[in-house]
Amino acid sequence: MTATAPAPANQRLAMAKAINLGLRRAMERDAKVLLMGEDIGALGGVFRVTDGLQKDFGGDRVVDTPLAESGIVGTAIGLAVAGYRPVCEIQFDGFIFPAFNQITTQLAKMHYRSRGRVQVPVVIRVPYGGGIGAVEHHSESPEALFAHTAGLRVVSPANPSDAFTMIQQAIACPDPVLFLEPKSRYWDKADVEVSAAEQVLDADAGLNQARIVRPGTDVTLAAYGPSVATALRAASAAEAEGHSLEVVDLRSISPIDFDTLTESVRRTGRLVVVHEAPVFFGAGAEIAARVSQECFYHLEAPVARVGGFHAPYPVAKLEHDYLPDLDRVLHAVDGVLAH
Amino acid sequence: MTTDTTGAIPPVGETDDDLIQLLTPEGERVHHEAYTPRIDDLDRAALEGLYRDMVLVRRFDSEATSLQRHGELGLWPPSLGQEAAQVGSGRALAPQDYVFPSYRELGVAWTRGVDLHQVLHQFRGEDHGGWDPAAHNFHLYALVIGSHTLHATGYAMGIQRDGDVGTGDPDRDRAAVVYFGDGATAQGDVNEALTFAAVNDAPVVFYCQNNHWAISEPTTRQSRVPLSHRGQGFGVPSVRVDGNDVLACYAVTAEALERAHSGGGPTFIEAVTYRMGAHTTSDDPTRYRTRADEEVWRRRDPIERLATLLRAEGSGEEFFTALEAEAEAFGEGVRDYCRAIPVPPDSRMFENVYATENAQVSAEREWFTEYQEGFDTEEAAG
């Protein structure tokens, strides 16, 4: 292991680099943390998120696995039972399904069925979502399938700073965590407070919490992962038209921090949920139902949802129509304001 | 399979040239150059111990089967006929080895020191497990076929990273052992586990009990080749053993463990046995196999053949009589224990879903508690 060179408190990092640094910090802190996945070693992963880590930590801690997703997650479970903290990389969202059985029937439930005697602190990192012009199975948003499974946490960072912090929290968390990395934001840069890492490791304190990333008074926009940036752009555009939009970054999809969300909706009276996943049976459906129930007397309009269609993720030339963009978000905002 | 109910007990199958056997169905020792030395440490007391293991496990199993018939268990997977495959291999393990069982491993559980009564909890619907895996190095039963072969392989990769292979210290070197059936070999996970184990030289023993039936489907519906060839195809040393021969099962497992402990990597063992009972108590084997076939296998009974050997080598009738009494007393306690397993409290549903506090679980637990208390209030008022 090489020592990390003294670093300034703040670094301007792309999200992929921020996650890389977060992984490095976690591996330096705990010798039981190991990374496993396809092509994550010499290549550094197809998105280079694990770049340089095998060189520094060796092949036993940054493991190039056989090309077998169920095998990656299944062996990670065994490693966790043996006391390790494996961080798996699934190469693309659409390739997680061979591991679906291991994640939903085994990983999520082992703590429950052992009545707490066995912990499986496995993190599964998945580059997810669209917007990069990829071929089929490379742009999907399967979060609802996993959020429906008790025993798993499902989280998604929206910016480099959060990505740096949240990956370390996820690794420190005793529960299995599905860590959805918005691949279209991998190259977005922002200031990352890299000196703050030690203070944020209490997973309970931070990993569950939604955050109001832009305050407003007229409409709440709830989003997570790649859609947060879209929501923020929509809020800026709406401001020019005289509307004040509050943007809530949920950060955690399971559990959802409903307290932060419902407090916001009680103030604004209106809610638009934005995500890339299909609207039908998506996270927005759960949010709309819950907010309708809890904020019924505060709502000035029905909850609106903006997201993907009930169609397979389309070809790259059409994905701009499928993904919720600025105009579709503003269209929904106009709809709830019309009430 | 040839059915012969009159003459000598027929061999197990047509490809039995490679089947390791140290004790014939007639109860006679067979010398095997490589494997006989592996049982040199088994003196008569040890053999009587293996016999006692098998008799008590069978007695418990038959009681549990009856309990299901009386409605006391929701389901039971009988292990009748597989006692040698399980006890022989289980007794070869070191205490520090870690077992990932499937759901029919009563005999292995016994060898790991699990109180067999604890196994009833899962099948009575009181628990998803029933015992502390760490206390016995015996994981919870796996019901998703083959899923746990990967867990064992991952665990073995952990053993490697802990440096607990090839140290030469018999109290430190350890391995993972996974039990699964013939049907499981068709699962993708088993094939992925063999791949991961092979390329990593993981200290894991794949112990396949080929009991001839995956519910109603014969092994020929799972594979065109003897199952041990599967292991060979992955570059994993493989061996076929007479699964009704407790001595041979002990010997081949001891060899596989020696390989794993010393850093030699994985082994695939195919223990050729026969599930004499139903797959589970909800199954009806008369719909898919003949009594004649069952009779052939009854004559290869693993317990009977060891009894013959013991008698030939000097165990007196007092040993058998005393054991019979012990088994009787053991069996009698099972019913009382089973019926006394309490219904779990409602709150159990919400416990240990996560290792950390979870807002979703907390909210639903709170709602449900209030809902339940509402009935109590109504009752008190009414």
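Up top is the structure these notes are about.
Residues numbered from 1 in each chain as written. Chains lettered and ligands numbered in written order. Predicted model: local features only at pLDDT ≥ 70, side-chain atom pairs only at ≥ 80, totals over all residues. Heavy atoms only, no water.

Caption draft 1: Spatial organisation of the interface of chain B and chain A. With 42 residues of chain B at the contact, the number on the chain A side is 47 residues. When chain B packs against chain A, the two sides together hide about 3500 Å² of surface, and 58% of this comes from carbon and sulfur. The three residues of chain B that bury the most area against chain A are Arg-161, Phe-196 and Tyr-354 of chain B, which together make up 18% of that side's buried surface. Where chain B packs against chain A, one counts three salt bridges. Salt-bridge contacts for Arg-115 of chain A lead to Asp-127 of chain B; the nearest nitrogen and oxygen are separated by 3.1 Å. Seen at the junction of chain B and chain A, the total is 20 residue pairs in polar contact (both at pLDDT 80 or more). Contributing elements (two or more residues each) for the side of chain B that touches chain A: strand 2 (98-100), helix 6 (147-161), helix 7 (188-200) and helix 13 (359-381) of chain B. When residues of the side of chain B that touches chain A are assigned to their parent elements, the largest contribution, nine residues, is made by helix 6 of chain B. For the side of chain B that touches chain A, the per-class residue count stands at 18 nonpolar, 14 polar and ten charged. (Contact = heavy atoms within 4.5 Å. Buried area = accessible area lost by both parts, 1.4 Å probe. Salt bridge = Lys/Arg side-chain N within 4 Å of Asp/Glu carboxyl O. Polar contact = N/O pair within 3.5 Å; in protein donor to acceptor, adjacent residues only side chain to side chain. Helix = DSSP H or I, 4+ residues; strand = E, 2+ residues; numbered from the N terminus. Nonpolar A, V, L, I, M, F, W, Y, C, P; charged D, E, K, R; others polar.)

Caption draft 2: Molecular detail of the sheet that holds strand 6 (residues 153-155) of chain A. All names here are of chain A. Strand order in this open sheet of seven strands is 3-2-4-5-7-6-12, and the pairing throughout is mixed. Of all the strands in the sheet, just strand 3 (62-64) and strand 12 (252-254) have a single pairing partner and so form its edges. In this sheet, adjacent strand axes meet at a mean angle of 20° when their direction is disregarded. Inspection of the sheet shows strand 2 (residues 33-37) paired to strand 3 by three bridges, in the parallel sense. (Pairing = 2+ DSSP bridges. Axes fitted to C-alpha atoms, helices over the stretch in contact; angles between N-to-C directions.)

Caption draft 3: Summary view of unusual backbone geometry. With an omega of 0°, the peptide bond between Ser-254 of chain A and Pro-255 of chain A qualifies as cis. Turning to its location among the elements, Pro-255 of chain A is positioned in the loop between strand 12 and helix 10 (258-268). With a phi close to 50°, Ile-215 of chain B is a non-glycine residue in the positive phi region. With respect to the helices and strands, Ile-215 of chain B occurs in the loop between strand 5 (213-214) and strand 6 (217-218).

Caption draft 4: Structural view of the sheet that holds strand 13 (residues 271-278) of chain A. Residue and element names in this part refer to chain A. Read from one edge to the other, the open sheet built from five strands follows the order 9-11-10-13-14, with strand pairing classed as mixed. The open sheet is flanked by strand 9 (211-214) and strand 14 (304-308), the only strands paired with a single partner. The mean angle between the axes of side-by-side strands here comes to 25°, regardless of whether they run parallel or antiparallel. Across four bridges, the pairing between strand 10 (residues 219-223) and strand 13 is parallel.

Caption draft 5: Inspection of the pattern of salt bridges at higher detail. Under the defined criterion, the tally for this structure stands at 40 salt bridges over all chains. For Arg-259 of chain B, the salt bridge identified is with Glu-255 of chain B, shortest N-O distance 3.9 Å. Residue Arg-259 of chain B and its partner Glu-255 of chain B are both found in helix 9 (residues 246-261); the two are separated by four residues, about one turn of the helix. Residue classification places Arg-259 of chain B among the partly exposed positions, given a relative accessible area of 23%. Salt bridges sharing partners connect three or more residues here, namely Lys-32 of chain A together with Asp-162, Asp-164, Arg-172 and Arg-174 of chain B. (Buried < 20%, exposed > 50% of the residue type's maximum accessible area, 1.4 Å probe, protein only.)

Caption draft 6: Region of the structure containing the pairing of strand 4 (residues 204-210) of chain B. All names here are of chain B. Across the seven residues of strand 4, seven count as buried, placing the element largely inside the fold. Side-chain alternation along strand 4 places Val-204, Phe-206, Cys-208 and Asn-210 on one buried face and Val-205, Tyr-207 and Gln-209 on a second face that is also buried. Sheet analysis places strand 3 (residues 176-181) next to strand 4, joined by six bridges and oriented parallel. Opposite Phe-180, over in strand 4, you have Cys-208 as the bridge partner. Once you follow strand 3 into helix 7 and on to strand 4, the crossover reads as right-handed. Both strand 4 and strand 8 (residues 267-272) contribute to a ladder of six bridges, which runs parallel. Within the sheet, the bridge partner assigned to Val-205 lies in strand 8 and is Thr-267. (Right-handed = clockwise from strand over helix to strand, strands pointing away.)

Caption draft 7: Structural detail: the packing of aromatic side chains. A full pass over the atoms with the stated rule returns 33 aromatic pairs over all chains. With centroids separated by 6.4 Å and ring planes inclined at 35°, the aromatic side chains of Phe-97 of chain A and Phe-100 of chain A adopt a geometry described as tilted. A centroid spacing of 6.1 Å and a plane angle of 75° characterise the contact between Phe-309 of chain A and Tyr-322 of chain A, whose relative ring orientation is edge-to-face. Of the two residues, Phe-309 of chain A sits in the loop between strand 14 and helix 12 (319-322) while Tyr-322 of chain A sits in helix 12, which places them 13 residues apart along the sequence. Accessibility expressed as a relative area gives 44% for Phe-309 of chain A, which makes it partly exposed. Clustering of aromatic rings is evident, with ring pairs tying together Phe-60, Trp-76, Trp-110, Phe-123, Trp-131, Phe-138, Tyr-141 and Phe-330 of chain B. Across the ring face of Tyr-84 of chain A, the terminal group of Lys-32 of chain A is positioned such that the distance to the ring centre comes to 4.1 Å. (Phe/Tyr/Trp six-rings, centres within 6.5 Å; stacked < 30°, edge-to-face > 60°. Lys NZ or Arg CZ within 6 Å of the ring centre and 35° of its normal.)

Caption draft 8: Summary view of the side chain of Arg-305 of chain B. Residues and elements named next belong to chain B. Positionally, Arg-305 belongs in helix 11 (residues 302-312). For Arg-305, a relative accessible area of 1% corresponds to the buried category. Contacts of Arg-305, omitting those with residues within four sequence positions, involve Gln-21, Leu-23, Thr-24, Pro-25, Gly-27, Asp-242, Asn-244, Asp-245 and Arg-300.

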